[in-house]
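Each chain, written out:
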Amino acid sequence: MLQATPTKNGTGISIYGDYGDLNSLYDTVHHVADALDESNIYQKGAHMLLLNFAYELRHAFQGTRLIQQVSFDDEQSHHYYGFQLVWTDLLIFINTLRENAGFIMTDRKNQANLYMLEYVTEQALLKYDAVGAADIVPLFGRGLSTGGEMAFIIYQTLHIDFVSMPGGKARFRKIAQLLHSYFSSWSPENKRIIQDLNHSARVHGCEIHELEFRDFPEIKW
């Protein structure tokens, strides 16, 4: 079973599971991602988002991220493998999974993996700050569209902006509003971001969906 805890500075979440837990979730993420057409600019962003999530899962169950020893009732020690994600990143991944899983055939294992991911994320959100979590949890799988040709570059923009803010509960309580303002095509913030990205695309002589950040701030978990 997956387990999750918020990180010390409220920047994100640490998720742990045994090899089978993480490998099974990895398969579900790829099942959803593989149904997307990466050559379609309107699906490419979602495809890249899910591959980013799958990358972290794979490195986790391969033991190259976090490892802890866990003892249960039998008093035997077990390896639990884990990884960390920034809150905004994980919430975008969850919404991308739910948004696209609704268009394909999924079995009970896929649905169980999605529900377990959402459950442990919800518990970690509540553990860090119930006030902020009350605004975030309703976004799970609804009320937030993370698709479109700009999805990946907006995800990166939000990651940089969120990580650059001072840590703590004040930042945490802005997450729901940040997700809405960055991804809603009607918001002034989204319009500003698109305007800036269009300018960058002209400077670099590329299409806006081809832009990608290379330098990211250090994460203080």
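Notes on the structure follow. Keep in mind it's a predicted model, so treat the numbers as computed, not measured. (Residues numbered from 1 in each chain as written. Predicted model: local features only at pLDDT ≥ 70, side-chain atom pairs only at ≥ 80, totals over all residues. Heavy atoms only, no water.)

Here the focus is the pattern of salt bridges. Evaluated as defined, the whole model comprises five salt bridges. In this structure, Glu118 engages Arg98 in a salt bridge whose closest nitrogen and oxygen atoms are separated by 2.7 Å. Residue Glu118 is found in helix α4 (residues 108-128), and its partner Arg98 is found in helix α3 (residues 87-101); the two are separated by 20 residues along the sequence. For Glu189, the salt bridge identified is with Arg192, shortest N-O distance 2.4 Å. On the criterion of helical spacing, the pair formed by Glu189 and Arg192 is a turn pair, its members being three residues apart in helix α9 (residues 188-204). Residue class for Arg192 comes out partly exposed when judged on its relative accessible area of 36%. The network of salt bridges with shared partners includes Glu189, Arg192 and Asp196. (Salt bridge = Lys/Arg side-chain N within 4 Å of Asp/Glu carboxyl O. Helix = DSSP H or I, 4+ residues; strand = E, 2+ residues; numbered from the N terminus. Buried < 20%, exposed > 50% of the residue type's maximum accessible area, 1.4 Å probe, protein only.)

Take Ser181: it is sitting in helix α8 (residues 175-183). Polar side-chain contacts of Ser181 include one of 3.1 Å to the backbone oxygen of Leu178. When residues no more than four places from it in sequence are discounted, the contact partners of Ser181 are Ser187, Glu189 and Asn190. (Polar contact = N/O pair within 3.5 Å; in protein donor to acceptor, adjacent residues only side chain to side chain. Contact = heavy atoms within 4.5 Å.)

Here we come to the sheet that holds strand β1 (residues 3-6). The strand order across the open sheet built from four strands is β1-β2-β4-β3, with neighbouring strands paired in antiparallel fashion. Two strands in the sheet have a free side with no partner beyond their single neighbour: β1 and β3 (66-71). Going across the sheet, the axis of each strand differs from the next one's by a mean of 30°, ignoring polarity. Strand direction decides the pairing type here: β1 and strand β2 (residues 12-17), joined by four bridges, are antiparallel. Opposite Gln3, over in β2, you have Tyr16 as the bridge partner. Sitting on the sheet, α4 touches β1 and β2, and the angle it makes with β1 is about 30°. (Pairing = 2+ DSSP bridges. Axes fitted to C-alpha atoms, helices over the stretch in contact; angles between N-to-C directions.)

The next thing to look at is the pairing of β2. A large share of β2 lies buried, amounting to six of its six residues. The antiparallel hairpin formed by β1 and β2 contains five residues in its connecting segment, where Gly10 sits at a positive phi of about 75°. Relative to strand β4 (residues 77-86), β2 runs antiparallel, the two sharing six bridges. If you follow Ile15 over to β4, its bridge partner there is Phe83.

The next thing to look at is the environment of Ile41. Structurally, the position occupied by Ile41 is in helix α2 (residues 41-61). Note on Ile41: relative accessible area 30%, which makes it partly exposed. A C-alpha to C-alpha distance of 7.5 Å links Ile41 and His209, two positions 168 residues apart in sequence.

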